[in-house]
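Below are the chains, spelled out letter by letter.
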Amino acid sequence: MSKRMGVMLLAVMAFLAAIGTVKFRQIKAGMAMAASFQPPPEAVTTIAARAEAWPATLPAIGTVVAVRGVTVSADLPGMVEEISFESGRAVPAGQVLVRLDSRQERAQLQAAEAQRDLAHANLDRARGLVAEGVIAQADFDKASAEHKQAEAKVGEIRATIERKQIRAPFAGVLGIRQVNLGQYLNAGEAVVSLQAIDPIYVNFSVPQQELGSLKIGAPVRVSAEGVAGQSSGRITAVDAVVDEGTRNAQVQATLANPDGRFRPGTFVKAEVALGVERSMVVLPASAISYAPYGDSVFVVGDLDGPGGKAYRGVRQQVVKLGGARGDQVAVVSGLSAGQEVVTSGAFKLRTGAAVRVHNETQPSNEAAPKPEDN
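Keep in mind that what you see is a predicted model, and the values were worked out from it rather than measured.

(A) Representation of helix α3 (residues 137-163) in the model. If you check α3, its first and last C-alpha atoms are 39 Å apart, about what 27 residues at 1.5 Å a residue would give, namely 39 Å. Phe140, Ala143, Ser144, His147, Ala150, Val154, Ile157 and Ile161 are the residues of α3 that are buried. The secondary structure elements touched by the buried residues of α3 are α2 (103-132) and β6 (165-167).

(B) Structural view of the packing of α2 against α3. Their axes nearest at 8 Å, the elements α2 and α3 cross at an angle of 160°. The orientation of α2 with respect to α3, classified from their angle, is roughly antiparallel. In the packing of α2 onto α3, the handedness of the crossing is left-handed. In terms of residue class, the contact of α2 with α3 is made up of 12 nonpolar, 8 polar and 9 charged.

(C) Summary view of the environment of Gln209. Position of Gln209 relative to the elements: it lies in the loop between β9 (190-207) and β10 (219-223). A residue is classified by how much of its surface remains accessible, and Gln209, at 63% relative accessible area, is exposed.

(D) Highlighting the pairing of strand β17 (residues 328-333). Sheet topology note: the strand β13 (residues 267-284)/β17 ladder contains 4 bridges and is antiparallel. From the neighbouring strand, Val281 faces β17, where its bridge partner is Val331. Sheet topology note: the strand β16 (residues 320-325)/β17 ladder contains 4 bridges and is antiparallel. Considered in β17, the bridge of Arg325 is made with Gln328. Turn length for the β16-β17 hairpin, with the two strands adjacent in sequence and antiparallel, is 2 residues, and the turn residue Gly326 shows positive phi of about 65°.

(E) Molecular detail of the confidence of the model for the protein chain. Per-residue pLDDT for the protein chain averages 85, and the proportion of residues at 70 or more is 95%. The least confident element of the protein chain is helix α1 (residues 2-35), whose mean pLDDT is 73; the most confident is strand β5 (residues 96-100), at 93.

(F) Here's a closer look at the sheet that holds β5. Strand order in this open sheet of 4 strands is β6-β5-β3-β8, and the pairing throughout is antiparallel. Unpaired on one side and paired on the other, β6 and β8 (184-185) mark the two borders of the sheet. As paired elements, strand β3 (residues 78-83) and β8 share 2 bridges and run antiparallel to each other. If you follow Met79 over to β8, its bridge partner there is Tyr184.

(G) Region of the structure containing the pattern of salt bridges. One pass over the full model with this rule turns up 15 salt bridges. Across the pair Asp302 and Arg312 runs a salt bridge, and its minimum N-O distance is 3.5 Å. Residue Asp302 is found in strand β14 (residues 296-304), and its partner Arg312 is found in strand β15 (residues 310-318); the two are separated by 10 residues along the sequence. Look at Arg312 and you get partly exposed, because its relative accessible area is 36%. Notably, a salt bridge pairs Glu340 with Arg312, separated by 2.5 Å at the nearest N-O pair.

Cut-offs and rules
Residues numbered from 1 in each chain as written. Predicted model: local features only at pLDDT ≥ 70, side-chain atom pairs only at ≥ 80, totals over all residues. Heavy atoms only, no water. Helix = DSSP H or I, 4+ residues; strand = E, 2+ residues; numbered from the N terminus. Expected span 1.5 Å × (residues − 1). Buried < 20%, exposed > 50% of the residue type's maximum accessible area, 1.4 Å probe, protein only. Contact = heavy atoms within 4.5 Å. Axes fitted to C-alpha atoms, helices over the stretch in contact; angles between N-to-C directions. Parallel < 35°, antiparallel > 145°, perpendicular 65-115°, else oblique. Left-handed = near helix turned anticlockwise from the far one by under 90°. Nonpolar A, V, L, I, M, F, W, Y, C, P; charged D, E, K, R; others polar. Pairing = 2+ DSSP bridges. pLDDT = per-residue confidence, 0-100. Salt bridge = Lys/Arg side-chain N within 4 Å of Asp/Glu carboxyl O.

Pasting the structure below:
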């Protein structure tokens, strides 16, 4: 009985060993096939990178600032008696915006004017009497001083009444009013914002190493999202101090803004023309793979396959970008003229991927594109 059990045990072990050997060979063969597997090539379009004379520009991010901008506020306390403006309208310099209640001051003005008239009459009477020797010179001087005091009192009350008429200090565009009829205003309380927006300033920062290439009067092109086209201006000021934290300096450009397209506080993109041309490698913008850790392109070339057989493939190359012009982007470093670069289909590639080039249809690559209206 035990002999039969031993034979059966040996037979089972031999069967399991045979199955294990077969499976091991199958797995090994599968691994070898996977190692030698070459994915099918991806269809892409390519272009030979070329060097072009590229206008030297300095891109920057800026903010629109009013040439003159204030928050108009109450000079003296008082109750709002009249509002003479509408929110968002343009106003000339000196226009009355708000009148505060000045009935008390006007009553005081009438009393002061009556006192002034009396002082004036007394002065005329004293002038005749002192000439005749009836009164002393001291009495005449006293009458003259009282007349001057009365005149000053009238001027003071008139100035108070005038200060209760809140006027636009300069021509500009009003914001949204912050007061209502009958509201009591304290001294210094805001009434409305006033901004002079034509011309207008654009402030932006540039690195300290670029300051030497900037000149007063250099052309600046400004654009903003939601604003059609570009506006041109010129650099009018460069800050005398470089920020210690960022090592950047503030630059101010002035540009015409007759239609009020740019409002104070608007985020804009500024591009300073440096007046010289540089030789740059130029690519269509579609060739660039943008990423937070660095921009890159895929360069096409002959690569060695797993079996030593060469194939047409790509490698990812990190590049440093310059300015943009229409559909084109300038590459400052990382790429040489003549290299073949993928212009479409890059999203499905990785380093070592095989490619098949189809250049029958190419992405747009115009320096000054003119899209058709649909």
